[in-house]
Amino acid sequence: MENVAFLEARLRAGDVRAVGEAGFDLFTPAFAARIAEQEAVWQAQVALAAAYGVPLIVHCRKGMERLFRDAKLLKAVRAVVFHSFAGSPQDARSLVRRGINAFFSFGKPLLNGKKSAIACVRELPAERLLLETDAPFQTLKGEARTDPADIARVYRAAAQLKTVSVATLAGQLRTNFFSAFGV
């Protein structure tokens, strides 16, 4: 929590264009043991994003119920980008139905056959999608790291799932990015 004042000062000065990664990581027992700290930081970051009118980038592993719990808070944020979204298409649609200006980002799990990511890209409206690599962290089996250039492979996979050209998808994602980030 010691960095919240610093973050707010940077927001006030106009140096920060988004808040995050904010959220919950309950993937391991060690992370889950720090839930109280995660909750406090989450509440502060959501409040700052809403107060300063900037997007919130959400990281969530095994904590989806907490996002639904805080849907009213997220509704007050100008745009919420769910980084490397791990939920189902139903989860995504439910977040949007709750009034959250949500964008769902996907990366290399599209290349390794992750069913929920593939279903989301296939089923969600293109106006709600973003793509990423999360370089160097999201690796495929046998890879030591992800290169930012791998985004081209992610775009090709997503375009195939949406049955559109890469250029068409890229144009929509550009629009989505500017809509979310206002730049």
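Scroll up to find the structure this text is about.
The structure presented is a predicted model; accordingly, all values stated were derived computationally and were not measured.

(A) Local environment of the packing of helix α7 (residues 115–123) against helix α8 (residues 151–162). As a packed pair, α7 and α8 sit with axes 8 Å apart at the nearest point and diverge in direction by 60°. Between α7 and α8, the angle is such that the two are oblique. Here α7 runs over α8; the crossing is right-handed. Contacts from Ile118, Val121, Arg122 and Glu123 of α7 reach α8 at Ala158, Leu161 and Lys162. Its residues assigned to classes, the contact of α7 with α8 comprises four nonpolar, no polar and three charged.

(B) The packing of α8 against helix α9 (residues 166–181), seen in detail. Two numbers describe how α8 lies on α9: the axes approach to 9 Å, and their chain directions differ by 100°. Judged by the inter-axis angle, α8 sits roughly perpendicular to α9. Here α8 contributes Tyr155, Arg156, Ala158 and Ala159 to the contact with α9, which in turn contributes Val166, Leu169, Ala170 and Leu173. For the contact of α8 with α9, the per-class residue count stands at seven nonpolar, no polar and one charged.

(C) Geometry of the pattern of salt bridges. Taken as a whole and assessed by the stated rule, the structure comprises 13 salt bridges. Note that Arg93 is salt-bridged to Glu123, the shortest N-O span being 3.5 Å. Taken together, the residues span a long stretch of sequence, with Arg93 in helix α6 (residues 89–97) and Glu123 in helix α7 at a distance of 30 residues. Accessibility expressed as a relative area gives 31% for Arg93, which makes it partly exposed. Classification of Glu123 as partly exposed rests on a relative accessible area of 44%. Residues Arg153 and Asp150 are paired through a salt bridge, measuring 3.8 Å at the closest nitrogen-oxygen approach. The class of Arg153 is partly exposed, set by a relative accessible area of 32%. Take Asp150: its relative accessible area is 12%, and that puts it in the buried class.

(D) Just the environment of Thr28, in detail. Residue position: Thr28 is located in the loop between β1 (19–25) and α2 (29–32). Residues Thr28 and Leu67 lie 39 residues apart in sequence; the distance between their C-alpha atoms is 19 Å. A polar contact of 3.1 Å, which involves the side chain of Thr28, links it to the backbone nitrogen of Phe31.

(E) Structural view of α6. All of the buried residues along α6 are Pro89, Ala92, Ser94 and Leu95. On its buried face, α6 sits against α4 (64–69), β3 (80–82), β4 (102–106) and α7. Of the residues one or two after α6, Gly99 is the one with positive phi, at around 90°.

(F) Inspection of the pairing of β4 at higher detail. Of all five residues in β4, five are buried, a share of seventy percent or more. Where burial is concerned, the two faces of β4 agree: the one with Ala102, Phe104 and Phe106 and the one with Phe103 and Ser105 are both buried. Bridge count for β3 against β4 is three bridges, and the pairing is parallel. By the bridge assignment for β4, Phe82 is matched with Phe104. Where the polypeptide runs from β3 across α6 and back to β4, its parallel neighbour, the crossover connection is right-handed. Crossover handedness for the path β4 to α7 to strand β5 (residues 129–131): right-handed.

(G) Spotlight on the environment of Val80. By secondary structure assignment, the location of Val80 is in strand β3. Each C-alpha atom of the pair Val80 and Val121 lies 17 Å from the other, and the pair is 41 residues apart in sequence. Among all residues touching Val80, those that are not within four sequence positions of it are Leu56, Val58, Leu74, Ile100, Asn101, Ala102 and Phe103.

Here is what the cut-offs are and how they apply
Residues numbered from 1 in each chain as written. Predicted model: local features only at pLDDT ≥ 70, side-chain atom pairs only at ≥ 80, totals over all residues. Heavy atoms only, no water. Axes fitted to C-alpha atoms, helices over the stretch in contact; angles between N-to-C directions. Helix = DSSP H or I, 4+ residues; strand = E, 2+ residues; numbered from the N terminus. Parallel < 35°, antiparallel > 145°, perpendicular 65-115°, else oblique. Left-handed = near helix turned anticlockwise from the far one by under 90°. Contact = heavy atoms within 4.5 Å. Nonpolar A, V, L, I, M, F, W, Y, C, P; charged D, E, K, R; others polar. Salt bridge = Lys/Arg side-chain N within 4 Å of Asp/Glu carboxyl O. Buried < 20%, exposed > 50% of the residue type's maximum accessible area, 1.4 Å probe, protein only. Polar contact = N/O pair within 3.5 Å; in protein donor to acceptor, adjacent residues only side chain to side chain. Pairing = 2+ DSSP bridges. Right-handed = clockwise from strand over helix to strand, strands pointing away.

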